[in-house]
Each structure stands twice: as structure tokens, then as C-alpha cells.
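Chains, contacts and geometry: an overview
Each chain is listed here by its residues.
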Amino acid sequence: MWTKETKVVILTGAGISAESGIRTFRASDGLWEDHRIDDVATPEGWERNPQLVWEFYQERRRQLFEVEPNPGHIALSKLEDYLDDMLLVTQNVDNLHARAGSKNPVHMHGELEKLRCEECDYVGVMMEEHDLNSAFVSCPECTNAMMRPHIVWFHEMPMRMAEIETALNQCDVFISIGTSGHVYPAAGFLASAKQQGSYCIGINLESPLNFDLFDEFHQGKAGEILPGLIQQWTRTKE
Ligand code: NAD
């Protein structure tokens, strides 16, 4: 099944970062770090209580200095080195794929490291000490405007969807890792890939919602399963 020419799309979710110590959504019954999603991950929540939302993301941003990529992230960067055509799409907002060596992960739900100006749309990595405290940060371009987290909240449009759809329409293999299949449009990628003839592989701690569509499913922790699987996949046709 695998050669260097095999076209692969990979979708990762919060589960791939769980072994690095970042909590998932579903692990805590639909709460994110003990907060209701409506309060911290919607534009309405931001409008209602920007201070709460800001502090929530500042905590997640500071946490990036306390966590490390795990063997699952590292195995995926090795797979990317082996393949000529692989697109890694992540729903995660942490930076662990890039820190494990992945070259250009598509962060469809945004990135904790970046802030965005609501006035002029300036986006930049802002992770200096003074950017990480609890006070709001002003835009470096238009100075007075307040920056918001560069995160795609529920009811907002995910990023780089055209690029993702093109890759999904052409891939030979689609692999979904550590995602519960609750959050759309990402949860629909499996059905799209399957419909256009891709071989679909799932890796998850428990059966995700769309389990029936997988051609192959590996149950367990991504950090434990992925290194062996990837070694196997890249060895077969070398
Ligand atoms: P989710 O929390 O809904 O589901 C996580 C899935 O991972 C579950 O099915 C769980 O069984 C599985 N899982 C847990 N530990 C695992 C492991 N070690 N190996 C393999 N699978 C494991 O996550 P989701 O589907 O990605 O959707 C949630 C949304 O939450 C995303 O939009 C994302 O932006 C956001 N989120 C991101 C982070 C992060 O950036 N690390 C963390 C929490 C939530």
C-alpha cells in the first residue's frame, strides 16, 4: 500500500497532545479545562466576558512552555520526511507538531502562539514575557486596538479549508488520530476522503463517532501506537 509517492492526509485532534499533558475536550465531559465551551470558545463568549476568555487563553499560551512533543508527534514528522506528499492538518492550537519537526502543519483552528488584531487583521506570534501576562495586549500596527487570540471559535470559519479540501480530494490514504469526531467540519473529512476512494485509518483511545467508515482502526494511545505503525508503513515498500 505505501510508497514514497503515496499521497497522505493526516488529521490530528486533541488526543495526540494528551500524552504531552494537554487535556482534551471529551476527557472532561465537554468542558475545556473546567470551562463551558460557550464561555471560552465562542465569539459570543468573547463579547460577553473578554477578560475571562483572555485569561483562559493566556493560561493555555503559558502552558506551551511546560509541555514537550511526545513520540506520536515525532513519529508523524518522520513520516513527513519519508513521504513526497503529505499534508498534516491539526485541530490543535498548541505548537507541538512544529516543535517535533513537522514543517508546515495546517492549523485549521488557529494557533495559541499568535494574536490577531480585530481592527486591522494583523496576525503575529506574540510570546514574549510581556505578551503573556493577564493584561490585554495592543496591536503593534494600529497601537490602540485590542488583540484577540488567533483561535477559530465555534461559529467561526476554520482556516485554509480550500487547501485541505484539495488534498482530501486527491489523497490515497487518510489517517485520523486522536479526534472524537464531534467537531465539524473536521469530523466530515473522513467521509469526504472515503467517498473519493481513500484508504482510511483511525487511531484513537476509544471509538470515535464515525468509527464505521474506517478501513483500519487501531485502538490505544497515539504515542504508543504511532511509532511502530509508521516504522511498519515506511519499511514495507522502501
Ligand atoms: P476531543 O477532545 O473532542 O477528542 C479527543 C479524542 O482523543 C477522544 O476521542 C479521545 O478518546 C482521544 N484520545 C485521548 N487521549 C488519546 C491518546 N493518548 N491517543 C489517541 N487518542 C486519544 O478533541 P478534538 O476531536 O480534537 O476536538 C476538540 C477541539 O478542541 C478542537 O477543535 C481543538 O481545537 C480543541 N482543543 C485543542 C487542544 C490542543 O490544542 N491540544 C486541546 C483541547 C481542545
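Higher on the page you've got the structure.
Residues numbered from 1 in each chain as written. Predicted model: local features only at pLDDT ≥ 70, side-chain atom pairs only at ≥ 80, totals over all residues. Heavy atoms only, no water.

Once that is clear, we can look at the pairing of strand S10 (residues 199-204). Burial analysis of S10 places five of its six residues in the buried class, the great majority of the element. As paired elements, strand S9 (residues 173-177) and S10 share five bridges and run parallel to each other. Bridge pairing in S10 links Phe-174 to Cys-200. Where the polypeptide runs from S9 across helix H8 (residues 189-195) and back to S10, its parallel neighbour, the crossover connection is right-handed. (Buried < 20%, exposed > 50% of the residue type's maximum accessible area, 1.4 Å probe, protein only. Helix = DSSP H or I, 4+ residues; strand = E, 2+ residues; numbered from the N terminus. Pairing = 2+ DSSP bridges. Right-handed = clockwise from strand over helix to strand, strands pointing away.)

Another aspect to go through is the site of the ligand. The full set close to the ligand counts 27 residues, and Phe-25, Gln-91, His-109, Thr-179 and Ser-180 are the nearest of them. In this structure, an oxygen atom belonging to the ligand sits 2.8 Å away from a main-chain N or O atom of Ala-14. The contact in question runs from an oxygen atom of the ligand to an N or O atom on the backbone of Gln-91, over 2.5 Å. Alone, the ligand offers 850 Å² of accessible surface; in the complex the protein occludes 95% of this. Sorting elements by how many residues they give to the shell around the ligand places helix H1 (residues 14-18) first, with four residues. (Near = heavy atom within 4 Å. Polar contact = N/O pair within 3.5 Å; in protein donor to acceptor, adjacent residues only side chain to side chain. Areas by Shrake-Rupley, 256 points an atom, 1.4 Å probe, with all protein chains shown as cover.)

A surface patch of like charges, here negative, comprises Glu-5, Asp-84, Asp-85 and Asp-172. Mapped onto the secondary structure, Asp-85 falls in strand S4 (residues 85-90). (Patch = residues over 30% accessible without salt bridge, like charges linked within 9 Å, V, L, I, M, F, W, Y side chains within 5 Å. Salt bridge = Lys/Arg side-chain N within 4 Å of Asp/Glu carboxyl O. Lys, Arg positive; Asp, Glu negative; His and termini not counted. Charge placed at Lys NZ, Arg CZ, Asp CG, Glu CD.)

Next up on the list: the nonpolar core. One broad rule of soluble globular proteins: the nonpolar side chains tend to lie buried together. If you look at the biggest cluster of nonpolar residues, it comprises 24 residues, and the most contacted ones within it are Trp-32, Tyr-57, Met-147 and Trp-153. Elements supplying a minimum of two residues to this core: helix H2 (37-40), helix H4 (50-63), strand S6 (110-117) and strand S8 (147-151). The element best represented in this core is H4, accounting for four residues. The residues touching Tyr-57, leaving out its near neighbours within four places in the chain, are Trp-32, Val-40, Ala-41, Leu-112, Pro-149, Ile-151 and Trp-153. (Core = buried A, V, L, I, M, F, W, Y, C linked by side-chain atoms within 4.5 Å. Contact = heavy atoms within 4.5 Å.)

Before going further, it helps to spend a moment on the side chain of Ser-17. Structurally, Ser-17 is set in helix H1. Of note is the side chain of Ser-17, whose polar atom sits 3.4 Å from the side chain of Asn-92. Sequence-distant contacts of Ser-17, that is, excluding residues within four places in its chain, are made with Ile-22, Asn-70, His-73, Asn-92, Asp-94 and Leu-96.

A few words on the environment of Glu-224. Locating Glu-224 in the fold gives a position in helix H9 (residues 222-236). A residue is classified by how much of its surface remains accessible, and Glu-224, at 60% relative accessible area, is exposed. Separated by 113 residues in the primary sequence, Glu-224 and Glu-111 place their C-alpha atoms 26 Å from one another.

Turning our eyes to something else, we now look at unusual backbone geometry. The residue after Tyr-184, namely Pro-185, is reached through a cis peptide bond having omega 5 degrees. When you line up the elements, Pro-185 lands in the loop between S9 and H8. Positive phi, normally seen in glycine, also occurs at Asp-121, with a value near 70 degrees. You can see Asp-121 is positioned in the loop between S6 and strand S7 (123-125). One non-glycine residue with positive phi stands out, namely His-155, at about 80 degrees. Here His-155 shows up in the loop between S8 and helix H7 (161-170). Looking at His-155, the relative accessible area reads 65%, which means it is exposed.

Honestly, that's just the spatial picture; any functional story needs more than this.
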